Amino acid sequence: MRQPRGDNRGILDPDRLRREVRFRRHLPAPALRPWVEHYWLIDWALSAPFAQQLVPHPAVNVVFQRSEGGPETAEIAGVGQRLFSITLTGTGRVSGIQFRPGGFRPFWRRPVAELTGERRPLAEVPDAARAAAAPGPTRATARVRTPSAAARWTPS
């Protein structure tokens, strides 16, 4: 059986990351594997701020985040063009769907290059929001659960 990628590609100082946070990857349902590389999850409970840098992969991610005392957020992160840095504090959770290169196109239904270097709130992206709300299964359907909602993604 195929396993999610276990390497450290793109993670600067992966040993430190794994000491500070709980990081894991999971495979998508078999029907989604042509489009989705894996799901990734990070949980933290930190006594001091933790800064992490990542080299972006050539892939789109849909990211769900909740930090201590903050609102839940959901965004589409296009292919990054430069080093990505984030500082985590307190407690929180972030999870995401990493699409395969070219795998987000059926969900976006426009040139994915429009997302290069962009991070857009999921609620402000009409095509993706419609895809997330599409009823019933077509060729493949996956449910992604956040603490307060479920989204359904259906490729055309």
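Refer to the structure above for everything that follows.
Since this is a predicted model, take the numbers as computed values, not measurements.

What counts and how
Residues numbered from 1 in each chain as written. Predicted model: local features only at pLDDT ≥ 70, side-chain atom pairs only at ≥ 80, totals over all residues. Heavy atoms only, no water. Helix = DSSP H or I, 4+ residues; strand = E, 2+ residues; numbered from the N terminus. Buried < 20%, exposed > 50% of the residue type's maximum accessible area, 1.4 Å probe, protein only. Contact = heavy atoms within 4.5 Å. Areas by Shrake-Rupley, 256 points an atom, 1.4 Å probe, with all protein chains shown as cover. Polar contact = N/O pair within 3.5 Å; in protein donor to acceptor, adjacent residues only side chain to side chain. Phe/Tyr/Trp six-rings, centres within 6.5 Å; stacked < 30°, edge-to-face > 60°. Lys NZ or Arg CZ within 6 Å of the ring centre and 35° of its normal.

Draft legend 1. Main features of the overall build of the chain. Per the secondary structure count, the chain includes three helices and ten strands. Split into buried and exposed, the 156 residues of the chain put 41% on the buried side. If you take every contact in the chain between residues at least 6 apart in sequence, the share linking residues at least 24 apart comes to 60%. Surface exposure of the chain reaches about 8,700 Å², of which carbon and sulfur atoms provide 54%.

Draft legend 2. How the structure looks around the environment of Asn8. Looking at the element boundaries, Asn8 is found in the segment before α1 (14-20). On the basis of relative accessibility, which here comes to 34%, the residue Asn8 falls in the partly exposed class.

Draft legend 3. Focus on the side chain of Ser95. Within the secondary structure layout, Ser95 lies in strand β7 (residues 91-99). Those residues in contact with Ser95 that lie beyond four places of it in its chain are Trp40, Leu41, Val62, Val63 and Phe64.

Draft legend 4. The arrangement of the environment of Ile97 in detail. Structurally, Ile97 is set in strand β7. Residue classification places Ile97 among the buried residues on the basis of a relative accessible area of 3%. Note: C-alpha distance between Ile97 and His26 (71 residues apart in sequence) is 9.7 Å.

Draft legend 5. Up close: the side chain of Gln98. The topology assignment puts Gln98 in strand β7. Under the relative-accessibility criterion, Gln98 is labelled buried at 6%. At 2.8 Å, the side chain of Gln98 forms a polar contact with the side chain of His38. Not counting residues within four places of it along the chain, the set of residues in contact with Gln98 comprises Arg5, Val36, Glu37, His38, Trp40, His57, Ala59, Val60 and Asn61.

Draft legend 6. Main features of the packing of aromatic side chains. Scanning the entire structure with this criterion turns up four aromatic pairs. Ring centres 4.9 Å apart and planes at 70 degrees place the aromatic pair Phe99 and Phe104 in the edge-to-face group. For the pair Phe99 and Phe104, a shared accessibility class is recorded, and that class is buried. Here the aromatic cluster, defined as three or more aromatic residues joined through ring pairs, consists of Phe99, Phe104, Phe107 and Trp108. Over the ring of Trp108 we find Arg110, and its NZ or CZ is 4.2 Å from the ring centre.

What is shown is where atoms sit, not what they do.
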